[in-house]
Structure formats: structure tokens, C-alpha cells
Amino acid sequence: AEDVGEILVTAQKRAESVQDVPISIAAFSAAKLEAANVLDVRDLTRIVPNFTAFRSTQVANVRLNIRGIGAASNTAAEPSVASFVDDVYVARPGAILTNFLDMEAVEVLRGPQGTLQGRNASVGAVSLRTTAPKNDFSAMASAEAGSFGRYRMAGHINVPLSDTVAIRAAAIGQTLDGIWRNSFDGRTYGAQDDYAGRLSMKADIT
């Protein structure tokens, strides 16, 4: 069996071993997400048991289900599966329906989480943790090309400014010409253009 070492999660608002957390939780590191080719929240359905993500024709109407239960989030209904990015609550799941950018880990908490995660976590919660700046220099770049005019580029650079201050920049860009073609008018549908970037700084004040 593969030894994955100690898995740290923040399900209880602090970093601790997943073995010490009395919650049904599925946690995945950046390496696991990359190995499973998980690019966004919808792809989590392949590796997280009892989790599904649906999107209607409108991006704002996204339904996150855990154990088969979940309310569609729109202007008239509150979600029952809460979404978080770096412990910041995202009121509408449609806002996290983008490509994962420089993620450190993803946690899916199953079961009521209202005590620590708020009233909109009556079924569970999805927590996305981005990679924080580190005190070691690092850089990465990747490029992909595929059918239907699909191109994807992503990368990051981490620069320590001192022993206590570091900055990190990450960016991603993806284009898709579309996979459906209307033979009547010759138009192609399903085109997609995604661009995102993040600049972060971390300082140990004391």
C-alpha cells in the first residue's frame, strides 16, 4: 500500500490530522487532484464518493449534492452545501465553478456542518485551499493542447523576499473553440475562454 503520510485538514478551522477529526471527510492534495485530472468542482464527482455537482444552462444555477441531497442555489434559494475558498464563504456555488488555480488541497465535508460552517452547511461543505506563499523559491509552468481547439496554460512563481515575507503569483488561461457544430448555419457552439490570476503575500509579523 502507498504511504501518503499524515494528511492535514482544516475542517475544524485549524490544521490537524484527518485522523483526529470526527467528521466524514474526503481530502485531496494538489498532487492527487493533478493525478486524477481534476480541473474544477464538477470533476470532484470522479474521486469524492456521494458528491455530485450539476449546472443548468445558467452558470448561476449550480446544485452541489452530498449523499443525494442539496438545494439548487439561485436568487430565491440558499444552498445547503456551503462553499469556501481559503475559509471565506462563497454565497453562490456558481462563483467557484472555474478552473482550479494553484490549489493546495480540497476538502469535502459530509453531514451537517452548521456549528462551524454556518446555516447553509446543513448537508455538508466544500472547502478549497489555495497554496500560500512559502519561504522557498519555486516556479512551475504547464501547457496542454487538445481537440476542438483546446489550449491550456498554467503556472506559478513563488519568491521569498526575506526570512519572514514571501509573495506568490499564479495564472491560468484556457480556450476552447467549441465541440458542437450546427450543420445548418455552420456555427460552432460550446466555446469557452477562461483566464484567472492570483497574487498573494504572506508575512510572519511576530
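Our structure's up above, just so we're on the same page.
Residues numbered from 1 in each chain as written. Predicted model: local features only at pLDDT ≥ 70, side-chain atom pairs only at ≥ 80, totals over all residues. Heavy atoms only, no water.

**Concerning the sheet that holds strand β7 (residues 81–85)**
As a reminder of what qualifies: Should DSSP find at least two bridges between two strands, the strands are taken to pair. Counting from the N terminus, the helices are DSSP H or I runs at least four residues long and the strands are E runs at least two residues long. Between the N-to-C directions of two axes lies an angle of 0 to 180 degrees, each axis being a line fitted to C-alpha atoms and, for a helix, fitted only over the stretch in contact.
Strand order in the open sheet made by the five strands is β3-β9-β10-β7-β8, with mixed pairing throughout. Across the chains shown, the open sheet's two edge strands, defined by having one partner strand only, are β3 (24–29) and β8 (88–90). Mean inter-strand twist for the sheet, computed between neighbouring axes without regard to direction, equals 20°. Direction of pairing for β7 relative to strand β10 (residues 124–130): parallel, over a ladder of five bridges. Residue pairing for β10: Ser-83 is matched across the bridge by Val-126.

**Focus: the side chain of Arg-152**
Quick reminder of the rule: Burial here depends on accessible area, computed with a 1.4 Å probe over protein chains only, as a share of the maximum for the residue type. Under 20% is buried, over 50% is exposed, and the range in between is partly exposed. Whether two residues are in contact is decided by their heavy atoms, any of which lying within 4.5 Å being enough.
Within the secondary structure layout, Arg-152 lies in strand β12 (residues 150–160). What makes Arg-152 buried here is its relative accessible area of 9%. Each residue touching Arg-152, except ones within four places of it in the same chain, is listed here: Leu-39, Asn-99, Phe-100, Ser-142, Ala-143, Glu-144, Ile-172, Gly-173 and Gln-174.

**What to know about the side chain of Arg-110**
Note the following rule: Positive charges are assigned to Lys and Arg, negative charges to Asp and Glu, while His and the chain termini are left out of the count. The term salt bridge refers to a pairing of a side-chain nitrogen on Lys or Arg with a carboxyl oxygen on Asp or Glu at a separation within 4 Å. Each polar contact in these results corresponds to two N or O atoms within 3.5 Å; when the atoms are within protein, one needs to be able to donate a hydrogen and the other to accept it, and residues that are neighboring in sequence are counted only if both atoms are side-chain atoms.
With respect to the helices and strands, Arg-110 occurs in strand β9 (residues 103–110). There is no salt bridge for the buried Arg-110, and the closest opposite charge comes from Glu-107, which lies 12 Å off by N-O distance. Looking at Arg-110, its side chain comes within polar contact range of the main-chain oxygen of Pro-49, at 3.3 Å.

**A short note on the sheet that holds strand β11 (residues 138–146)**
Strand order in the open sheet made by the four strands is β11-β12-β13-β16, with antiparallel pairing throughout. Among the strands making up the open sheet, the edge pair consists of β11 and β16 (192–203). Along the sheet, successive strands turn relative to each other by an average axial angle of 5°, direction set aside. Direction of pairing for β11 relative to β12: antiparallel, over a ladder of nine bridges.

**Brief notes about the nonpolar core**
Note the threshold: Here, the term nonpolar core denotes a set of buried Ala, Val, Leu, Ile, Met, Phe, Trp, Tyr and Cys residues that are joined through side-chain atoms within 4.5 Å.
In this structure, Val-41, Leu-44, Phe-51, Leu-64 and Phe-100 are the most contacted members of the largest nonpolar core, which totals 23 residues. Those elements that place two or more of their residues in this core are β3, β4 (51–55), β5 (62–66), β9 and β10. With residues up to four places along the chain from it excluded, the contact list for Phe-100 reads Val-38, Leu-39, Asp-40, Val-41, Leu-44, Val-106, Leu-128, Arg-152 and Ile-172. With eight residues, the next largest nonpolar core counts Ala-82, Phe-84, Leu-109 and Ala-121 among its residues.

**Some remarks on the packing of aromatic side chains**
Geometrically, a pair of aromatic rings is defined through the distance of the ring centres and the angle of the planes. This is how the line gets drawn: A pair of aromatic rings is counted whenever rings of Phe, Tyr or Trp (Trp by its six-membered ring) have centres within 6.5 Å, and the orientation is called stacked for planes under 30 degrees apart, edge-to-face for over 60 and tilted otherwise.
Across all of its chains, the model carries one aromatic pair by this definition. Their ring planes at 55° and their centres at 5.6 Å tell us that Phe-84 and Tyr-89 sit as a pair that is tilted. With a relative accessible area of 7%, Phe-84 lands in the buried category.

**Focus on unusual backbone geometry**
In this structure, Asn-50 takes a positive phi of about 65° despite not being glycine. Secondary-structure assignment places Asn-50 in the loop between α1 (30–35) and β4. A positive phi is found at Asp-86, a non-glycine position, where the angle reads about 55°. Note that Asp-86 resides in the loop between β7 and β8.

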